[in-house]
Amino acid sequence: MRAKAPLLLWLLWLALCAWWLLFRTAITTDLTFFLPRDAGFLGAVLVQQMREGPASRVLMIALENADEAALAATSRQLAESLASDPRFDRVDNGAVGAGLATLERRLFGYRYVLDPEPGPEPFTAAALRAALQARLAELASPTGMLQKAWLTRDPTGVWQRLLKGWLVPQGPVSRHGVWFARDGRRALLLARTQASGFDIAAQAEALERVRERFQTLRTDPAMRLALGGPGPLSVESNRRITHDAAVLSVLNSGLVMLLLFGVYRSLRVLGLGLVPLLTGVVSGAAATRWAFGEVHGITLGFGATLVGVAADYPNHFFTHLSPREAPARAMARIWPTLRLGLLTNVAGFAAMLFSGFAGLAQLAVFAGGGLLAAGLATRWVLPVLAGKGTVRLPAWVERGAGFPWPGFPRWRWLPLGLTLLLAAVFMLGRAPLWNDDIAALNPVPAERQVLDEALRRDFGVPDLRKLVLATGPDAEAALSLSEAVAADLEALKRDHALGGYELAARFLPSRAAQAGRLAALPPGPELAANLRVALRGLPFKPDVFQPFLDEVEAARQQAPLSRADLADTPFAAQVDSLLLPLEDRWVALIPLSGIADDAAIANKLAPWRERGVYYLDLREESTRRVRDYRREAIALLAGSLAAIVLLLGLGLRSLPLAMRVLAPVLGAGLCTGLAMAVLFHGLTLYHLVSLLLVMGLSLDQALFFNRDAADPEERRRTLLSLWVCGLSSVLAFGTLALSDINILRSIGSTVALGALLAIAFAAWLAQPRPVPR
């Protein structure tokens, strides 16, 4: 019973972890989790824009492959259906309808405080007469019926001017009453989701809803649906990565199983070999849940990959089994070496706990906790499951692989030679060592990006990559400052340096601006006198504009427009996304579009910086964050190496021996890094994290290659185990290198090449002591 105690404890532990993970753990998918926890003010803006910014929630919907009438009919039905869905806070297709009624009910009375361009002295007799003559001309036009509804209350046309600025976009054209691309091939709808574009689960729900409604409502079976924007790209990327990872995992698992079956000739041994790996993944996920309260999907994927180091542990054990020795004794012989490799790997990952990026810290907990549990399962559970005499290896394995040991002394110059060769290729190729461009991390396939760009051109959706930030101690101060900056932005538009910009103050002017506009409204008697003069000779009844006089007088007395007055209008969410508290201040965001002269904009806005106005390029800021991420990862990697050297020195009781073990590890890592920099035109964060895995694999192999053996048979068994481990890693990750998705290709190429070089370098540089024969 005592011998079975580790088995019972292991089963209890797995059951507890499984229950906790299945019923008490949330798997999150918010990609901004991998941004820094303390990123400063501009970093906070970047994170906020990625999570909640207007650009992150834009959903472009295009209907195509049908005649215009059918596309327009489906567009109207789809817009009406989605507008009532809580997953969307705005759906536009250019149609005039209920949305217009809501705007009129909520904001018509505030038209004078919302009008940014009333013109000079708009209520003089001359100005009023010109406005009345314009209304007469409009009444004779096709839009006359619409204008007629507002004529007596708004003869100066303020409301019509506001609607034109709010509702008419620059990109699509109107056909059959809805938006179309300029070539007429696509009917267009622009929606904004409640969820961030990087909340993959919520975005997938919203997209599925659009597809389901389209299938139900389309008026032509041949009609097709195309979706664009950050949400569809995130969901599509996640789907493709998951699909490729699943297919390639099946393939590489089959290849590895085939290799292991060829070595062990036993399905039972193959099954036992999964025990440490499964224990590591489950325990790593549970440790992450305990430390962070949740597990991110990326942590789960990358963490399970890093715990893959544990797949080598059972191979070391099985290849050292002998019918003349109990499994527990075989484990006791290799455990000191295995334990040292395990502890150095855990120490390597532990350094990432000090990262300012929550994502790296989660990876550290997952990988470190998982490896520790996998090592304990190997040491205490695997020998019990193996049972005395129940795991029998083929005869050729019992005799060893037949290779001489170590067999490669004359090739010890190869690691240095290969390193110098790759360094020369790298320098002659002039490839950058690092690629910090955020676009290099983008997993979206090129053809999907082409479709997204085409939809953006159809919609005329601005890039929204560049922002102006107007900051203040409160919302009112931020709004006022943004209105002041807008004067310079207008000048840039006139100079064609800038195509346009968005402003919260368009829908919610500062109180000072509102007060100024109301002060320009003339007293009732003065306005009535000017109107009488303006009406002379025109075909209007004298008292038909009394509602206009009454509403102007009422506007002079009304309370300022507030955020609450925007309720039920599409502008409420827009104001909330453009005016927000961040850290210790309020920020009015001003997204820019159609930038033609970046230098002119930067120069124009430079004097505003001392007043709290910043010109921010989100892509440059993202790239800077990636660079910070990479620098921190390198610093932590250096810390990991220091901890590993210390552990190796203590464990091997010899610093020279520790350096001998580390030499092939560093050599394999350096050569792999140089090769990847040349092949991928610079190393990305994917390569850097993969190099951590290469380091873990290399350490185990270097330790076993330098391990003293009791006799030639044990040495041959050690050699066999190392070849099995090395080939398993190359097969497992080599298949990932076949993927056309950059994240999988980068990881697969790096680890496969690194694993190959690690075992070769460890064999060439090993100097074990001679064994008695």
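Residues numbered from 1 in each chain as written. Predicted model: local features only at pLDDT ≥ 70, side-chain atom pairs only at ≥ 80, totals over all residues. Heavy atoms only, no water.

Q: Looking at this structure, I do not really get the overall build of the chain. What am I missing?
A: Counting its secondary structure elements, the chain contains 29 helices and 13 strands. Looking at the chain as a whole, 52% of its 773 residues are labelled buried. At a minimum sequence separation of 6, the contacts of the chain that also span at least 24 residues come to 82%. (Helix = DSSP H or I, 4+ residues; strand = E, 2+ residues; numbered from the N terminus. Buried < 20%, exposed > 50% of the residue type's maximum accessible area, 1.4 Å probe, protein only. Contact = heavy atoms within 4.5 Å.)

Q: What's the story with the environment of Val113 in this structure? I'm lost.
A: Among the structural elements, Val113 can be located in helix 5 (residues 111-114). A relative accessible area of 1% places Val113 in the buried class. The spacing of Val113 and Arg556 is 443 residues in sequence and 9.9 Å in space, taken between C-alpha atoms. Discounting residues that sit within four places of it in the chain, Val113 has contacts with Pro509, Gln514, Arg517, Leu518, Gln558 and Leu561.

Q: Even after reading the chapter, I still don't get the packing of helix 1 (residues 5-24) against helix 11 (residues 267-292), so can you show me in this structure?
A: Describing two packed helices takes the angle between their axes plus the distance from one axis to the other. Two numbers describe how helix 1 lies on helix 11: the axes approach to 10 Å, and their chain directions differ by 50°. The angle between helix 1 and helix 11 falls in the class oblique. Classified by chirality, the crossing of helix 11 by helix 1 is left-handed. Residues Trp10, Trp13, Leu14, Cys17, Ala18, Trp20, Leu21 and Arg24 of helix 1 pack against Val275, Thr279, Val282, Ser283, Ala285, Ala286, Arg289 and Trp290 of helix 11. (Axes fitted to C-alpha atoms, helices over the stretch in contact; angles between N-to-C directions. Parallel < 35°, antiparallel > 145°, perpendicular 65-115°, else oblique. Left-handed = near helix turned anticlockwise from the far one by under 90°.)

Q: Would you mind showing me how to read helix 25 (residues 618-652) here?
A: Every α-helical turn comprises 3.6 residues, leaving residues that sit three or four positions apart pointing alike. The end-to-end C-alpha separation of helix 25 is 50 Å, in line with the 51 Å expected for 35 residues at 1.5 Å each. With its phi angle positive at about 55°, Arg653 sits one or two positions after the end of helix 25. (Expected span 1.5 Å × (residues − 1).)

Q: Honestly, the packing of helix 13 (residues 312-319) against helix 15 (residues 358-386) in this entry has me stumped. Any pointers?
A: Packing of helix 13 against helix 15 brings their axes to within 10 Å, and their N-to-C directions diverge by 30°. Here helix 13 lies roughly parallel to helix 15, going by the angle between them. Classified by chirality, the crossing of helix 15 by helix 13 is right-handed. Here Tyr313, Pro314, Phe317 and Phe318 of helix 13 come into contact with helix 15, specifically with Leu371, Ala374, Gly375, Thr378, Leu382, Pro383 and Ala386. Residues of the contact of helix 13 with helix 15, tallied by class, amount to nine nonpolar, two polar and no charged. (Nonpolar A, V, L, I, M, F, W, Y, C, P; charged D, E, K, R; others polar.)

Q: Explain the confidence of the model for the chain here, please?
A: For any part of a model where pLDDT is low, the fine detail of the predicted coordinates should not be relied upon. In the predicted model, the chain carries a mean pLDDT of 82, and the fraction of residues at 70 or more is 88%. For the chain, helix 16 (residues 395-398) is the element with the lowest average pLDDT, namely 62, and helix 19 (residues 475-494) is the one with the highest, namely 93. (pLDDT = per-residue confidence, 0-100.)

Q: Please clarify how the pattern of salt bridges should be interpreted in this entry.
A: Opposite charge on two side chains makes pairing possible when the charged atoms of those side chains draw close. Taken as a whole, this structure holds 24 salt bridges when the rule is applied. A salt bridge links Glu325 to Arg333, with the shortest nitrogen-to-oxygen separation between them at 2.6 Å. Using a relative accessible area of 17% as the deciding quantity, one classes Glu325 as buried. Judged by relative accessible area, Arg333 falls into the partly exposed class, the value being 28%. With a shortest N-O distance of 3.5 Å, Glu553 and Arg556 are connected by a salt bridge. Taken together, the residues Glu553 and Arg556, both in helix 22 (residues 546-557) and three residues apart, mark about one turn of the helix. Take Glu553: its relative accessible area is 30%, and that puts it in the partly exposed class. Taking the relative accessible area as the measure of exposure, Arg556 reaches 29% and is therefore partly exposed. Beyond isolated ion pairs, a larger network of salt bridges with shared partners links Asp85, Arg87, Glu205, Arg209, Glu212 and Arg213. (Salt bridge = Lys/Arg side-chain N within 4 Å of Asp/Glu carboxyl O.)

Q: Got a minute to help me understand a nonpolar patch on the surface in this structure?
A: There is a patch of nonpolar side chains on the surface, built from Trp13, Leu16, Trp19, Leu22 and Phe23 and spanning about 620 Å² of accessible area. The topology assignment puts Leu16 in helix 1. (Patch = residues over 30% accessible without salt bridge, like charges linked within 9 Å, V, L, I, M, F, W, Y side chains within 5 Å. Areas by Shrake-Rupley, 256 points an atom, 1.4 Å probe, with all protein chains shown as cover.)

Q: Could you clarify how one ought to interpret unusual backbone geometry in this entry?
A: If a residue is not glycine, its phi is most likely negative; likewise, a peptide bond is most likely trans. Backbone geometry places Arg430, a non-glycine residue, at a positive phi of 55°. Of note, Arg430 is situated in the loop between helix 17 (414-429) and helix 18 (446-459). Phi at Arg653 takes a positive value of approximately 55°, unusual for a residue other than glycine. Turning to its location among the elements, Arg653 is positioned in the loop between helix 25 and helix 26 (655-679). Taking relative accessible area as the criterion, Arg653 reaches 78% and is therefore assigned exposed.

Q: For this particular structure, what's the right way to read the environment of Pro6?
A: Checked against the element boundaries, Pro6 lands in helix 1. Distance from Pro6 to Trp380, taken between C-alpha atoms, is 6.1 Å for residues 374 residues apart in sequence. With residues up to four places along the chain from it excluded, the contact list for Pro6 reads Trp380 and Val381.

Q: Teacher, can you tell me more about the packing of aromatic side chains here?
A: Here a ring pair, both rings aromatic, is described through the centre-centre distance and the interplanar angle of the planes. All chains considered together, the criterion is met by seven aromatic pairs. Their ring planes at 35° and their centres at 6.0 Å tell us that Phe761 and Trp764 sit as a pair that is tilted. Residue Phe761 and its partner Trp764 are both found in helix 29 (residues 742-765); the two are separated by three residues, about one turn of the helix. Residue Phe761 shares its accessibility class with Trp764, and that shared class is buried. Each member of the aromatic cluster is reached from another via a ring pair, and the members are Tyr264, Phe317 and Phe318. The ring of Trp380 carries the charged tip of Arg379 above its face, separated from the ring centre by 4.2 Å. (Phe/Tyr/Trp six-rings, centres within 6.5 Å; stacked < 30°, edge-to-face > 60°. Lys NZ or Arg CZ within 6 Å of the ring centre and 35° of its normal.)

Q: Just checking my understanding: could you explain the pairing of strand 13 (residues 613-617) for this structure?
A: The side chains of a regular strand alternate, first on one face of the sheet and then on the other. In terms of residue burial, strand 13 counts as a mostly covered element, since four of its five residues are buried. With five bridges connecting them, strand 9 (residues 466-472) and strand 13 associate as antiparallel partners. Paired with Ala470 across the bridge in strand 13 is Val613. (Pairing = 2+ DSSP bridges.)

Q: Would you explain helix 3 (residues 68-83) in this entry?
A: Here helix 3 contains 16 residues, and its C-alpha end-to-end distance of 22 Å stays within 8% of the 22 Å for a straight helix at 1.5 Å per residue. Turning to helix 3, its buried residues are Ala70, Leu71, Ala72, Thr74, Ser75, Leu78, Ala79, Ser81 and Leu82. Packed against the buried residues of helix 3 are strand 2 (58-64), strand 3 (88-92), strand 5 (178-180), strand 6 (186-193) and helix 9 (200-217).

Q: For this particular structure, what's the right way to read the side chain of His687?
A: Examined against the element boundaries, His687 turns out to sit in helix 27 (residues 685-705). A distance of 3.0 Å separates the side chain of His687 from the backbone nitrogen of Thr684, its partner in a polar contact. Filtering out sequence-adjacent residues up to four positions away, His687 remains in contact with Met676, Phe680, Gly682, Ser746 and Thr750. (Polar contact = N/O pair within 3.5 Å; in protein donor to acceptor, adjacent residues only side chain to side chain.)

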